[in-house]
Amino acid sequence: MTPHDGTLMLEVGSESPAGQAPDASEDVSRLLDENESLGRELLRCYEQMSLLFEITENIAHLGDAATIQAALIRRYGSMLNVGALLLEDGTRCQVIDGYESLGRPLPANGGVIRAALHGEIQRVRESQRALTCRLDAPGSSVELRGAHAMLGSLQQCNAPQIVLIALRHHSDAPFDTGERLAAESVLGYGGHILTNALMLRQVQQMAMETVRALANAIDAKDNYTRGHSERVGWLAKFLGRALGLPPAELQHVEWAGLLHDVGKIGVPEWILNKPGPLTSEETAEMQKHPRLSYEVLKPIASLESILPGVLYHHENHDGSGYPERIRGEDIPLIARILHVVDIFDALTSTRAYRTQYSIDRAMEILREGAGRVTDPRITDVFIRSFRQYMRDSQADYLERFAHIALGPAPAASD
Ligand SMILES: [Fe+2]
Ligand SMILES: [Fe+2]
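Just so it is clear, the model here is predicted, and its values are computed rather than measured.

**Student:** Quick question: what am I supposed to make of the overall build of the chain here?
**Tutor:** Tallying secondary structure elements over the chain gives 17 helices and five strands in all. Accessible surface, the chain as shown: approximately 21,800 Å² in total, 55% of it carbon and sulfur.

**Student:** I keep staring at the nonpolar core and nothing clicks. Help me out?
**Tutor:** Side chains of nonpolar character tend, in soluble globular proteins, to be buried together. Among the nonpolar cores identified, the biggest contains 45 residues, and Leu239, Phe344, Phe382 and Phe386 are the most heavily contacted of them. Secondary structure elements with two or more residues in this core: helix H6 (177-221), helix H7 (228-242), helix H8 (247-259), helix H12 (307-311), helix H13 (333-347), helix H14 (359-369) and helix H15 (376-392). Beyond its immediate stretch of four places on either side in the chain, Phe344 contacts Leu235, Ile359, Ala362, Met363, Leu366, Phe382, Phe386 and Ile404. Residues Ile68, Leu72, Ile96 and Leu154 belong to the second largest nonpolar core, which totals 26 residues.

**Student:** Hey, could you run me through the coordination of the iron ion (ligand 1) in this one?
**Tutor:** As a benchmark, a tetrahedral metal site with four donors has ideal angles of 109.5 degrees, while an octahedral site with six donors has ideal angles of 90 or 180 degrees. Surrounding the iron ion (ligand 1) are the protein donor atoms Asp261 (OD), His289 (NE2), His313 (NE2) and His314 (NE2), which sit 2.2 to 2.3 Å from the metal. Given four donor atoms and angles of 85 to 175° at the metal, the environment of the iron ion (ligand 1) is assigned as irregular.

**Student:** How should I be thinking about the packing of H7 against H15 in this particular structure?
**Tutor:** Any two packed helices are characterised by the angle at which their axes cross and by the distance between the axes. Between H7 and H15, the least distance of the axes is 10 Å, while the angle of their chain directions is 105°. The angle between H7 and H15 places the two elements in the roughly perpendicular class. Seen from H7, the contacting residues are Trp234, Leu235, Phe238, Leu239 and Ala242; seen from H15, they are Ile378, Val381, Phe382, Ser385, Phe386 and Tyr389. Split by residue class, the contact of H7 with H15 holds ten nonpolar, one polar and no charged.

**Student:** So what exactly am I meant to see when it comes to the packing of aromatic side chains here?
**Tutor:** In this description, a pair of aromatic rings is defined by centroid distance and the angle of the planes. This structure, assessed with the given rule, holds 14 aromatic pairs. Pairing Trp234 with Phe401 gives two aromatic rings, centres 5.7 Å apart and planes at 70°, and the pair type is edge-to-face. Of this pair, Trp234 sits in helix H7 while Phe401 sits in the loop between helix H16 (394-400) and helix H17 (402-405); the two residues are 167 residues apart in sequence, bridging distant segments of the chain. On the basis of an interplanar angle of 65° and a centroid distance of 5.0 Å, the ring pair of Phe344 and Phe382 is categorised as edge-to-face.

**Student:** Help me out: how do you make sense of the sheet that holds strand E1 (residues 84-88) in this one?
**Tutor:** Pairing between the strands of a sheet comes from backbone hydrogen bonds, and it takes one of two forms, parallel or antiparallel. If you walk across this open sheet you meet the five strands as E2-E1-E5-E4-E3, and the pairing is antiparallel. Every other strand in the sheet has two partners, leaving strand E2 (93-100) and strand E3 (131-134) as the edge strands with one partner each. Between one strand axis and the next, the sheet turns by 25° as a mean value, whatever way the strands run. Note: E3 against strand E4 (residues 148-154), four bridges, orientation antiparallel. For Thr132, the partnering residue across the bridge sits in E4 and is Met150.

**Student:** What should I look at first to understand helix H3 (residues 65-80) in this one?
**Tutor:** Since one α-helical turn is 3.6 residues long, residues separated by three or four positions face the same way. Compared with an ideal rise of 1.5 Å per residue, which puts 16 residues at 22 Å, H3 spans 22 Å between its outermost C-alpha atoms and is within 8% of the ideal. All buried positions along H3 are accounted for by Ala65, Ile68, Ala71, Leu72, Ile73, Tyr76, Gly77, Met79 and Leu80. In the segment just after H3, Asn81 is the residue with positive phi, at about 55°.

**Student:** Just checking my understanding: could you explain the coordination of the iron ion (ligand 2) for this structure?
**Tutor:** Protein ligation of the iron ion (ligand 2) involves His228 (NE2), His260 (NE2), Asp261 (OD) and Asp342 (OD), the donor distances falling in the range 2.2 to 2.3 Å. Coordination geometry of the iron ion (ligand 2): the four donor atoms subtend angles of 76 to 172° at the metal centre, consistent with an arrangement described as irregular. Within one chain, the residues serving as donors to the iron ion (ligand 2) are arranged as H-x31-H-D-x80-D. A distance of 3.5 Å spans the gap from the iron ion (ligand 2) to the iron ion (ligand 1), which Asp261 bridges by coordinating each metal.

**Student:** I would appreciate a short explanation of the side chain of Glu315 in the present structure.
**Tutor:** Structurally, the position occupied by Glu315 is in the loop between H12 and H13. The side chain of Glu315 sits in the buried core without any salt bridge; Arg291 is the nearest counter-charge, 7.0 Å away. Aside from chain neighbours lying at most four places away, what touches Glu315 is Gly321, Tyr322, Pro323, Glu324, Arg325, Ile326, Ile331, His339 and Val373.

**Student:** How should unusual backbone geometry be read in this particular structure?
**Tutor:** In most cases, non-glycine residues show a negative phi, while peptide bonds are predominantly trans. The residue after Tyr322, namely Pro323, is reached through a cis peptide bond having omega 10°. Note that Pro323 resides in the loop between H12 and H13. For Gln128, which is not glycine, the phi dihedral falls at a positive 60°. Mapped onto the secondary structure, Gln128 falls in the loop between helix H5 (118-127) and E3. Within the chain, Arg325 stands out as a residue other than glycine whose phi angle is a positive 55°. Structurally, Arg325 can be placed in the loop between H12 and H13.

**Student:** Explanation requested: the side chain of His228 in the structure shown.
**Tutor:** Among the secondary structure elements, His228 is positioned in helix H7. Here Asp345 takes part through its side chain, which lies 2.6 Å from a polar atom of the side chain of His228.

About the thresholds
- Residues numbered from 1 in each chain as written.
- Chains lettered and ligands numbered in written order.
- Predicted model: local features only at pLDDT ≥ 70, side-chain atom pairs only at ≥ 80, totals over all residues.
- Heavy atoms only, no water.
- Helix = DSSP H or I, 4+ residues; strand = E, 2+ residues; numbered from the N terminus.
- Areas by Shrake-Rupley, 256 points an atom, 1.4 Å probe, with all protein chains shown as cover.
- Core = buried A, V, L, I, M, F, W, Y, C linked by side-chain atoms within 4.5 Å.
- Buried < 20%, exposed > 50% of the residue type's maximum accessible area, 1.4 Å probe, protein only.
- Contact = heavy atoms within 4.5 Å.
- Donors = N, O, S within 2.8 Å, 3.2 Å for Na, K, Ca; no water.
- Tetrahedral: all angles 85-135°; square planar, octahedral: opposite > 155°, others 65-115°.
- Axes fitted to C-alpha atoms, helices over the stretch in contact; angles between N-to-C directions.
- Parallel < 35°, antiparallel > 145°, perpendicular 65-115°, else oblique.
- Nonpolar A, V, L, I, M, F, W, Y, C, P; charged D, E, K, R; others polar.
- Phe/Tyr/Trp six-rings, centres within 6.5 Å; stacked < 30°, edge-to-face > 60°.
- Pairing = 2+ DSSP bridges.
- Expected span 1.5 Å × (residues − 1).
- Lys, Arg positive; Asp, Glu negative; His and termini not counted.
- Salt bridge = Lys/Arg side-chain N within 4 Å of Asp/Glu carboxyl O.
- Polar contact = N/O pair within 3.5 Å; in protein donor to acceptor, adjacent residues only side chain to side chain.

Have a look at this one:
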């Protein structure tokens, strides 16, 4: 047997079933390890993706930007499993409630952390990319020194850019690349959702201001109804809330109140401001205003839901109103609400043909007309809740209804 043969023998021997087992089992075990670690990585990616989806999905339905931002930041903190979370907005660094401890509570204002991470904050603000580092904060507590930090940017249009600083105790695991990428995604999506919410609010605000301007233009036409549309809008929303309407409907009710008399734009001013009683022709002219309001607003698609309120706000419960003489629950709820508060505001305001009634007399007249003129249940809810509002929110009442509280209050003759 040559040495070569021997080598061969050895090589052959190493490939024999007896010698093959250790190498193969190492390979298998290495593959299994790799597989397991890939599996763990995959699971972690899946968890991060589902968290990302859950966070963005949940916050997208919250509505206003402040609530969305608060929820996003809380979920961000729990996703990263951090001890402390701080919000830096360019002017101050604020510790987030519920994330204020790294073994011991952080200093309340976060100033030390902001100063220690000044350069990193600037870098994140400029690049809008998340970064990780160790916190070097001389003079701070032992818990803070060497803490793991991750900084991420939350950017939203028309609002200061926020840098979120997440901290973990130095004895905990540092933030890894997967967490940094997940943080970037959550804050990126969150920023888009916040921007959309802010823009939606701006559009709504603009629409509301336009509606108010229109309502003021109508009221200005009639010397005696200044502020009437604004008050009816507020009172309608107030009554809607007392009746338990959902928030979206409250908005419709308020808009319907603001715009219910928009059709008066088509009624001659001398009729609107006539000091004495109206002739039958003048009354007929005046009674055209609900339908005129309806016709003016009908082309505006976003105001479709308020049209029934506008058209039927002078329909009486017993069918004696106008323009269609419908009765009872055939009158849409929004119109029944408007009818009550419209009458209340008319009674408590001075008109061309009479001075204002006192609040007690106005409530009395409303009660007398309940079931005949207005819906009895809605009238009852209004009287009770308005009396309670006068008691519980006296300052607001005095400011909003100064003309009732301070105006000529003696009971006037009809
Ligand atoms: Fe009206
Ligand atoms: Fe009115």
